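Next come the chains, spelled out residue by residue.
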Amino acid sequence: MEVVPKDEERLRRLRALEERLCDPRSPGNVDSLLDTVAALVSDCDHPAIRRMKNVEAYTTRYEEFASEIVDLRMKAADYDLIKVIGRGAFGEVQLVRHKSTQQVYAMKLLSKVEMIKRSDSTFFWEERHIMAHANSEWILKLHFAFQDHKYLYMVMDYMPGGDLVSLMSNYDIPEKWAKFYTMEIVLALDVIHGMGFVHRDVKPDNMLIDKYGHLKLADFGTCMRMGPDGLVRASNAVGTPDYISPEVLQSQNGEGVYGRECDWWAVGIFLYEMLIGDPPFYAESLVGTYGKIMDHRNSLQFPDDVEISKDAKSLIRGLLTDRVKRLGKNSVDEIKQHPFLHNDQWSFDNLRDSVPPVVPELSSDDDTKNFDEIEKSDALDESFPVPKAFVGNHLPFVGFTYNGDYQLCSRRSLHADVVDTISTNHINNVGSEAILQLEKLLERERDGRRNLEDRQVVLCAQLEELSQRESRNKKIIADTDKDLALLRHDLKEIQRKAEAEVETRRKAEMNYSEAKRRLEEEQNKRAKEMSHLQSYNDKINALEKQLTELREKLKQESDSAVKARKQAAELTAVQAAAAAASDGAAARLRAQRDALERERGALADELAAAKAGRQRAEAAVADAGARLSAAHAELERSAARLKQVAADNRQLGERVAALEKECASLAHERGAAHHLYQQELRAHQDTQRSQLLNKQEANLELVKGEPPPRFSCLMLLSP
């Protein structure tokens, strides 16, 4: 019995389904199915949710299967952490080494909790899709993608050269280098645009350098798929402030519509920054930067102290302009055909095979000297809270798993089991006579597939060998070009030194000619001086004869002068004796006069001191008299009140003692020169003291003679 056409169609669709299940790029592949099972079991495996009968039945049935999936699939424990090389808002990037293959990768971790919390759990799909399916040497390649309860993991190529920011900070980029890197980023963006995406965050931080020195574009989390008209529609501004285009910035206040030309604006910013050193619209504040971007017609300026070619300025102005007339709006060829990007060394066709301006010098496959030190942090190590109802936290990440280099060991048998199950269900519904034909046809298909798989393994091995050979050849070519560049540099250095030697020799010859001319001049001068010297010798001989005659005359005059000196000496001795006698008399007179003056001054000082002392004594006596008068008045007033008598007497005694002290101090101040005044003062004081005592006694007697007041005896006895 022949298979009816309907059965053939069903068998064809069955084969298509099998191929779809085997294709890792398909959203309905086996990885997605396994992700679904594991996600549902994980989201349902909570006490509050498992109380539901149906959930408990599903969880019980598939939890062992889900656990086996987790155990067999790739996980973070399959890698050894080498170093953390980057950190962002949702996770970090780690340099890791696969434990089995010993291959080095960059592994990006994204926190599920943070993405759900910030409603940004969809951006990674574009990033995963682009890196997995771009298949371009200008785009960072994704090798594996997997997940666990906390993180999404993306295992990518490791770019040991770092990013272009570090290269720009280590070198002053000449125009020749700027051409090379601009051409490479143009090719990378052309790949993204060809896949139907707009990058929207092109900047040096996202341009990574591989081990050969070439660029690869990375970080596609801001990418957005273009519509059929080649435009994207967004309601918020996405990107880095210094590199954002005016049309993207305008979308902040409403729905923005723009296309791939926003990426070409960022290329213009990037080219300007390489040549000048800073972005063209940099300002101290974010508002200032945005203001300059919106007014780019007036704010785009080129500094006078930096030399830039006309072609470079033309390309920058062509990119940093309105989107309707910006280069690259219609086609990337508008940029490729610009004169600035034309040169004898590189073209867009041979760019990947050319030697880059800077090739990283690496000590090993995990060399990280081009990355900053970043400590490992547990800030994003957060798990989902235990739900009280079904939430489905892991469902948004179903289908994320991806294996680009190899499948799991059990994948082929798993595919066969899935296909066998589907085939069995299908064949049970077909007539008994068609079963054998379907089984034979399916067996032939499986044999053909096994043959194709074997051929694929062989071809992959050959391709890997060719790839390794190509890598070695590229490395040899790169080393050769590098040695050639070093030799050219050495040749230029030798030529420069030879030119310096020639210049030094020319200067030495000039100096020799000048020295020879000066020597001849000196010889001529010396001959003239010798002739003058002879005439001078003749004159000297004549002068010596005259000098001899003058010496004879001088000797005669000296004899006569000696005699005159003797006579003058005798006269001088007599005059000296007379002068000594007169000087002695005058000295004695001066000494006597000085002594008299000193005695007169001393007497005057003593007289002044005596007068001053007398005045002070008179003032003290007057003061003492006044005080005694006051005391006398006080004693008279105290007679009226018997209670105050004793107190007044005590105060009077204290005042008298004070007066005695003052008198004693006055006597001490006057000294021996006023001894006479001191004796008189002491006598006067004794007289006053005796008078005071007499007055006190008289007062006491007067008090005793008065009739006793009306006070108690106790008050009379009190002082």
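Residues numbered from 1 in each chain as written. Predicted model: local features only at pLDDT ≥ 70, side-chain atom pairs only at ≥ 80, totals over all residues. Heavy atoms only, no water.

1. Description of the overall build of the protein chain
Turning to step 1, where the next piece is worked out: Across its full length, the protein chain carries 19 helices and 12 strands.
Turning to step 2, where the next piece is worked out: For the protein chain, the proportion of its 719 residues judged to be buried stands at 34%.
Turning to step 3, where the next piece is worked out: In the protein chain, once contacts between residues fewer than 6 apart in sequence are set aside, the share between residues at least 24 apart is 69%.
Turning to step 4, where the next piece is worked out: As displayed, the protein chain offers around 44900 Å² of accessible surface, 53% of which is attributable to carbon and sulfur atoms. (Helix = DSSP H or I, 4+ residues; strand = E, 2+ residues; numbered from the N terminus. Buried < 20%, exposed > 50% of the residue type's maximum accessible area, 1.4 Å probe, protein only. Contact = heavy atoms within 4.5 Å. Areas by Shrake-Rupley, 256 points an atom, 1.4 Å probe, with all protein chains shown as cover.)

2. Side note on the sheet that holds strand β5 (residues 151–156)
In any sheet, the strands associate via hydrogen bonds between backbone groups, in a parallel or an antiparallel arrangement.
Turning to step 1, where the next piece is worked out: Spatial strand order, β1-β2-β3-β5-β4-β12: 6 strands in an open sheet with antiparallel pairing. Single-partner strands in this sheet number two, and they are β1 (79–87) and β12 (402–403).
Turning to step 2, where the next piece is worked out: As judged from the 7 bridges shared by β1 and strand β2 (residues 91–98), these two strands associate in the antiparallel manner. Residue pairing across strands places D80 opposite R97, the latter belonging to β2. (Pairing = 2+ DSSP bridges.)

3. Overview of empty space enclosed by the protein
Turning to step 1, where the next piece is worked out: Within the structure shown, the criterion is met by 6 cavities of 30 Å³ or more.
Turning to step 2, where the next piece is worked out: In this structure, the largest cavity occupies an estimated 80 Å³ of space.
Turning to step 3, where the next piece is worked out: Lining of the largest cavity is provided by 13 residues; of these, R200, D201, Y243, I244 and C262 occupy positions nearest its centre.
Turning to step 4, where the next piece is worked out: It is helix α10 (residues 261–276) that contributes the most residues to the lining of the largest cavity, 3 residues altogether.
Turning to step 5, where the next piece is worked out: Each residue belonging to the lining of the largest cavity can be placed in one class, and the counts come to 7 nonpolar, 3 polar and 3 charged. (1 Å grid on protein atoms, 1.4 Å probe; cavity = no way out; pocket = protein on both sides within 12 Å on 5 of 7 lines; lining within 4 Å. Points joined across faces, edges and corners; volume = space filled by probe spheres on them. Nonpolar A, V, L, I, M, F, W, Y, C, P; charged D, E, K, R; others polar.)

4. Structural notes on the nonpolar core
Turning to step 1, where the next piece is worked out: Counting residues in each nonpolar core, the largest one holds 84 residues, and the members touching the most others are L164, Y181 and M274.
Turning to step 2, where the next piece is worked out: Apart from the residues within four sequence positions on either side, Y181 is in contact with L164, L167, G213, L215, F270, M274, P357 and V358.
Turning to step 3, where the next piece is worked out: In terms of nonpolar packing, the next biggest core, distinct from the first, is built from 11 residues, Y105, L109, F144 and F146 among them. (Core = buried A, V, L, I, M, F, W, Y, C linked by side-chain atoms within 4.5 Å.)

5. Considerations on the environment of E63
Turning to step 1, where the next piece is worked out: Considering the arrangement of structural elements, one finds E63 in helix α4 (residues 53–72).
Turning to step 2, where the next piece is worked out: On the basis of relative accessible area, E63 is assigned to the partly exposed category, the value being 32%.
Turning to step 3, where the next piece is worked out: As a C-alpha pair, E63 and L40 span 23 residues in sequence and 9.5 Å in three-dimensional space.
Turning to step 4, where the next piece is worked out: If we skip the residues at most four places from it in the chain, E63 touches V41 and R50.

6. Structural notes on the packing of helix α8 (residues 175–194) against α10
Turning to step 1, where the next piece is worked out: It is at 10 Å that the axes of α8 and α10 come closest, and there the two elements cross at 165 degrees. Judged by the inter-axis angle, α8 sits roughly antiparallel to α10. Two packed elements cross with a definite hand, and for α8 against α10 that hand is right-handed. Here α8 contributes E175, A178, Y181, T182, I185, V186, L189, D190 and H193 to the contact with α10, which in turn contributes D263, W264, V267, F270, L271, M274 and L275. (Axes fitted to C-alpha atoms, helices over the stretch in contact; angles between N-to-C directions. Parallel < 35°, antiparallel > 145°, perpendicular 65-115°, else oblique. Left-handed = near helix turned anticlockwise from the far one by under 90°.)

7. Here's the deal with the environment of S100
Turning to step 1, where the next piece is worked out: Relative to the elements of secondary structure, S100 occurs in the loop between β2 and β3 (104–111).
Turning to step 2, where the next piece is worked out: Residues S100 and D78 lie 22 residues apart in sequence; the distance between their C-alpha atoms is 7.8 Å.

8. Considerations on a nonpolar patch on the surface
Turning to step 1, where the next piece is worked out: On the surface, a cluster of nonpolar side chains totalling about 400 Å² of accessible area is made up of M530, L533, Y536 and I540.
Turning to step 2, where the next piece is worked out: Checked against the element boundaries, Y536 lands in helix α16 (residues 432–640). (Patch = residues over 30% accessible without salt bridge, like charges linked within 9 Å, V, L, I, M, F, W, Y side chains within 5 Å. Salt bridge = Lys/Arg side-chain N within 4 Å of Asp/Glu carboxyl O.)

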